[in-house]
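# Report on the structure
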Amino acid sequence: MKTFVCVLLFLQGLTETQQQRRLSVSLLQDVYYVFPETNLTISVNVSFPLTENYMVTWKHKEKNSDFAENINIRNLVIKYAGGSLGQPSLTINNVTDFDAGEYFIEIQPIEVADSGSSAGPATVHVLSKKSKEYYTASAEVCPPNWQTFYEIGSALKRKRCVQKVEQTASFYQAQTICRQQRAFIVPVVIRLSPDGNETDPFAYLPRTDVWTGGYEEYGSLVSDGAPPIFLDTSMLSYGRGINISDAWIEGNPFCIGVNNLYQELQIRDCNERLPFLCYKEADILSFKPNLNTCPSGWIGAEDVDSCYLLTKDPKQPLDAIEVCNQNGGTLLQLQLFKDRHLTLRLLVHLALFNSSVWFSEVESPVSCSFIRLSESMEISSATNCSIAASVVCQTNKKNRMYTSRELQMEFQKPKFKTNGAFMNHGYLSCKFPAPHLETDTYSVYKGGAIVDRLTVLETNYVSIIMKGNPELPDEEMFLPSASANSDVYRCDIQRKGVGLVLSKTIYTIPNEKRVSIFHATVSMTGSLSLQDALLEAYMSSPESLLGQSRREILSKIYSVSRDIRPVSGGQLGFIGITSIPLRKRNALNFLLYFVGPNEEWKSAEAMNYLLKNITISARTMARSFDSRRRRRQALSVDFNTFEIRNEEYCTVGYSPDFQSTYNFKPVGNGSMTYSEELCITDSEPLLSGLCYTRTAAPAEIRNVTVNPNCQFLLNPSFANMTALEKLSNVPTNDSNVEIVASDVANLTSNSSDLTVEDVVFTSMVLENVASISSISEQTTSSVLQTLSNILEAPEEILMNAHTLVSSTTRILESVETITRNVVLNGTEYRNYQKSFAVAVTDVTSEDSPVIGIQLKNVGIDVVLDNDTIGLINAEDSINITSFDTAIILPKDLVQGNNSRVIFTIFESTKIFQVRQMNKRYELNGKVASATLISNGKSVLDLGRNFVRSIYKPINITEDSVCGFWNHSLYATSGGWSTRGCQRTEVEDGLVVCECDHLTNFAILLDVKGQSDIIDKDNTLALSIITIIGLSLSIVGLGLTVLSFLLFKQLRKGRGQQTLLNLSLALLCSMVIFLAGMERTDSYYGCITVAALMHYFLLVSFMWMLVEGFLQYLRFVRVLGTYVPRFILKASIPAWGLPLIPVVSVLAVDYDLYRGGKYYCWMSPTPFYYAFLLPVALIIIVNCIVFALVLKTLLNRPKGLQSNQSESKRAMMNLRAAVSIFILLGLTWIFGILAIEDARIVFSYIFTILTTFQGFFIFILFVAREKQLRTYWGKLCCKRFIDRQKKYKPTSASHSSSQPLSKLSSHETASTEIFFSSK
């Protein structure tokens, strides 16, 4: 077939400059290979843009023809198309075999004598259809060992590659493994088939638990990818639905697994280990020029990691390598078997048919290797170093990691002019790195939702996110609407095969100084299904199931805002629902905003006050809500459960078991905070923790610890909130105290059912009631009824409650306080219960006062009422033989005063519980109590008066003693004491007691035959010994220190220097003890005294330890005892280490140094750990040293001793042992032994040896030294200067191994070691 086409371009108006230009034309490519039924464009270069004055002619010379025919483009527009005049070209549509051949171009000027220009031939080879099919099949391929599937429902029927990984891994580990292969975890229930037919769309899934790519991110459900793919409702249509793994904890991130056997999805903890499948689209291998990921002039494909460059001319092997190096790459690298499809696609794109192309075999490199691609798509390889072949260079794609500065994110807040007029909108901008690499995806998110995804040509994003409203020109009006759009915006870069590369977030609050975001929670009356909860919380559901609930929340928040506005001066508003707890699905979490009145309103106290007001208002309104309307709704919110937290201050925290929430003192990030609730044991904060805040999340209190004295709250039996516990948390005031007292009486009415926890919380409620200064008789009656209920409880319950937190003692103290504070309607109040009787009487100066109470002797079964209980007046004659139990105050103590007397007789004594370890007495009768209030103050000390109490003992025995209940014993847990009480007479089986103070009195059976404390006479004797001993020790130690300071010669040896330090530490501790130990009137002064005592005592023991070490060197080791710079090495730990426990106690709580009521010292717990423990360790070490020294003294060979008599040597050894015993502080052992029956004896021994320790040191180691007496003589009496020779200590020249027999007769072994210069 012959075709003749002629194209004429009529040229007009040729300028003189254009005529003078020389026209040239050339082909861009000389050879073309084209598949049939595709289009081909032959392009040329011209020396300047053509105009209508030129005529362009294309000619075609068919294959095997000798003639070239003109192509008529104008008449054959379906087949051909020409380029523009400026850039001529020829496009051949739907190429067939007839289009093969050579093409030429001729360009001639019109009406100008010019030869024009031509170019050609461009040779076109049309490949076979079979080659085309083979090439097309190579486009979508899966790697070896991957299975090929087709996605069902895909319009393009694209291939998908899946690889099952046998190993188990966490979700995040599985992500990493798949991404190393430029793949992802298989998407959630994607439908795949080997042939594209929908036979079994999930057959590719194993019939076990495996990971899918689904996971929760920023409040949305997405599937693994770069970028992640947002999941829609179709996910929930799989199989039988979805359930939750037991391993997943509410609030943690979750990932989605699948079990194809049971056909169910699973919400799982992302750290669980499961098998998984990697998934990716088949590689298309479509090469393109001008990719941003490739250098300029190179080509690349999105699914290939390398870029390629075809150089101009064939080269020899070495030249080819050099050319690629010059272009910044290497010679083409191939694995022929693995990269066969890549090789085919690359060579076809470069049109390298029937051409030799140099390459380097990756697996087994051989020099001078080349490949050839035939027109039938066959690839062959060979080696030949003598030929010139085409050169294709290879380099890695640009894959640089970005720095944080390369991604810039900014929120331009709405601004207003000074006159309040609206100035501009609120803008969000993200400036991404340029150029935008094809492997990277730039995305903008709001919360968890996608806002925009930039094209490969875009790098900047700018958008209005808070649009100004002309109708709201004022900031006061605009801020609420702008605050409702507050959210976390995120700009991130995802890279194919890598995942997230870089991300930045910004919190778009229009004015941080005025606006706060609150996180609120409210329960629902019903619950959602798991599928519905996922739809509502994590997906874009078209129809919300919570529409009514949203409207209800909006209505309530509007009402709360209106309610608190007079208090806060601000406005509260609703932002949106954020999440739903997936396990119970009966609560909603949502966001609120609050616009404050000004920019100064935010403070910890103001925030705490606001949150409490919002909570009270919301819960109050809930009570007035129409319950009938709520019942008509399938789902409704219950604002009685409303809770709220803010993002800036910690105000609410959970207990360590996460069962209860507690109010904390408001603090900011990084600060310690303490609960407002107090521990019922020590009235210190119940909980403590560290405040932690982060962007767009409620402030939370971490590392919450429970007060050690309230650890019982972690007991599982305390986990459920009881009615009594709720009542204990109710703030008690004058307006509700009567209701609270009545409630606690009702809640404890079933005495037999009371638990330990009930007794504990009852004590807390009564303590709250006792905090009220004025109590009505009605309230008092309710309290006494509660006490009666408690006394009817099983004794084992009361004992356990007391052992736990001293509950019975606390109840007793609270009842005593309440009866003191009761406001009487008249002058007398009586209350008779089954277990006790109480009488309260106000006495004026004109009355004949009530001075006592009696329980008449009426038999065994006593009913306490007006017949059995009688008050004793001052004028009554007293016949004690008619008493069962009675207590009588001195007449002159009551008479003539405006006072109140309170009497109690306990028939049941179960309230007086003593911990088993402290139990020394048993009650031998009933308990009688008397309290005298004079001028508003309790009278405790009766002076020379005595209160008499009469008892009928249960057991008549000589072991019965009189005692009283001492609340402060045993760390305030309470116990019986006999101090100030004595048994005066026994008459008709009745015991009469007299005590010099007021409280609860009883007749006791001394089951251990001893008093609980040292009696008064022994206490006085010990006090006198202490004062004398400390005084002498202070004088002795003062002289010791003064001697060493005055006479430098005495400070040369390490023994002397050690003694100086020990003496100085002991002197300081004794002076502080004698001068300040009982100065409890000054709060901070007492703390200072206790801390200094603690420090100097520990320093003293540290120097005693150093003394022990010296004794060991002298008597045990003997040889090799030199220690360089010994005193420096000893001084640093001896003076420095004691600071650690002292500073630790002060840092934890300096009030721990207020542990004594009558003296300044530590509380028991720090005493045990910060003092007794280190002292005990030092004593143990020194005991071992002392034993070794004794062994050495007793086992010395006689040949090394002097020819002294046995008795004299024994006496010398004894003196040495006693000296070392005192020097090492071993006298403190007797203080530990001062317990039980040996208390008094060892107390005397301990007091004498310890208080006189300083004096003994002076006598044994200073006063007995002749050298020291000589120095003092020189100082005091000048006549000694001429008469005395210079004295050197006998031991000064002795080595530490010198025999003891060389010592002067008056020196002891311990003196020698002390004055040794070694």
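Scroll up to find the structure this text is about.
Described in the following lines is the structure provided in the data block.

### Considering unusual backbone geometry
Pro 121 follows Gly 120 through a cis peptide bond whose omega is 5°. Residue position: Pro 121 is located in strand β9 (residues 117-126). Residues Ala 226 and Pro 227 are joined by a peptide bond in cis, for which omega reads 5°. By secondary structure assignment, the location of Pro 227 is in the loop between β15 (220-223) and β16 (229-230). Phi angles above zero are rare outside glycine, and Gln 263 is one such case at about 50°.

### Structural notes on the side chain of Ser 782
By the element assignment, Ser 782 lies in helix α14 (residues 777-791). Apart from the residues lying within four places of it in its own chain, the contact partners of Ser 782 are Ala 741, Ser 742 and Ala 745.

### A word on the state of the cysteines
Counting across every chain of the model gives eleven disulfides. Residue Cys 650 pairs covalently with Cys 691 via a disulfide, S to S 2.1 Å. Where Cys 650 bonds to Cys 691 through sulfur, the torsion about that S-S bond is close to 85°, and the disulfide is right-handed. Linking Cys 650 in strand β44 (residues 650-654) with Cys 691 in strand β47 (residues 687-692), this pair joins segments that are 41 residues apart in sequence. In this structure Cys 650 comes out as buried when scored by relative accessible area, which is 0%. On the basis of relative accessibility, which here comes to 2%, the residue Cys 691 falls in the buried class.

### A closer look at a nonpolar patch on the surface
On the surface, a cluster of nonpolar side chains totalling about 970 Å² of accessible area is made up of Phe 1109, Tyr 1112, Tyr 1168, Tyr 1169, Leu 1172, Leu 1173, Leu 1177, Ile 1180, Ile 1184 and Leu 1188. Top element by residues in the nonpolar patch is helix α24 (residues 1164-1194). It accounts for eight residues. Mapped onto the elements, Ile 1184 comes out in helix α24.

### Digging into the packing of aromatic side chains
This model, assessed by the stated rule, comprises 29 aromatic pairs. Ring plane angle 85° and centroid distance 5.7 Å describe the contact between Trp 248 and Phe 254, whose orientation is recorded as edge-to-face. A relative accessible area of 3% places Trp 248 in the buried class. Residue classification places Phe 254 among the buried positions, given a relative accessible area of 1%. Centre to centre, the rings of Phe 594 and Trp 601 are 5.2 Å apart; their planes meet at 70°, and the pair counts as edge-to-face. Each member of the pair, Phe 594 together with Trp 601, is buried. An aromatic cluster is built from Phe 836, Phe 906, Phe 912, Trp 965 and Trp 976, whose rings are joined through pairwise contacts. Stacked on the ring of Tyr 445, the Lys or Arg Arg 490 has its end atom at 4.0 Å from the ring centre. A cation over an aromatic ring shows up here: Arg 702 above the ring of Tyr 692, its NZ or CZ 3.6 Å from the ring centre.

Calculation criteria
Throughout this document, residue positions are counted from 1 along each chain, in the order its sequence is written. Owing to the predicted nature of the model, reporting of local features is limited to residues with pLDDT of at least 70; listing and counting of side-chain atom pairs is limited to 80 or more, with chain, interface and lining totals taken over all residues. Calculation of side-chain values draws on the structure's entire complement of heavy atoms; hydrogens and water are dropped beforehand. Helix and strand assignments come from DSSP, with helices taken as H or I runs of at least 4 residues and strands as E runs of at least 2, each series counted from the N terminus. Contact criterion: two residues are considered in contact whenever any of their non-hydrogen atoms come within 4.5 Å of each other. Defined by distance alone, a disulfide is two cysteine sulfur atoms within 2.5 Å. Three exposure classes are used, based on accessible area relative to the maximum for each residue type with a 1.4 Å probe and protein chains only: buried under 20%, partly exposed in between, and exposed over 50%. Note on patches: the residues involved have over 30% relative accessible area and no salt bridge, like charges join within 9 Å, and the nonpolar side chains Val, Leu, Ile, Met, Phe, Trp and Tyr join within 5 Å. Reported accessibility uses the Shrake-Rupley method at a 1.4 Å probe radius. Residues are deemed covered only where the shown protein chains occlude them. A pairing counts as a salt bridge when a side-chain nitrogen of Lys or Arg comes within 4 Å of a carboxyl oxygen of Asp or Glu. Aromatic pairing here means that ring centres of Phe, Tyr or Trp (its six-membered ring) are within 6.5 Å. Orientation follows from the plane angle: under 30 degrees is stacked, over 60 is edge-to-face, and everything else is tilted. Two thresholds decide whether a charge sits over a ring: the Lys NZ or Arg CZ must be within 6 Å of the ring centre and within 35 degrees of the ring normal.

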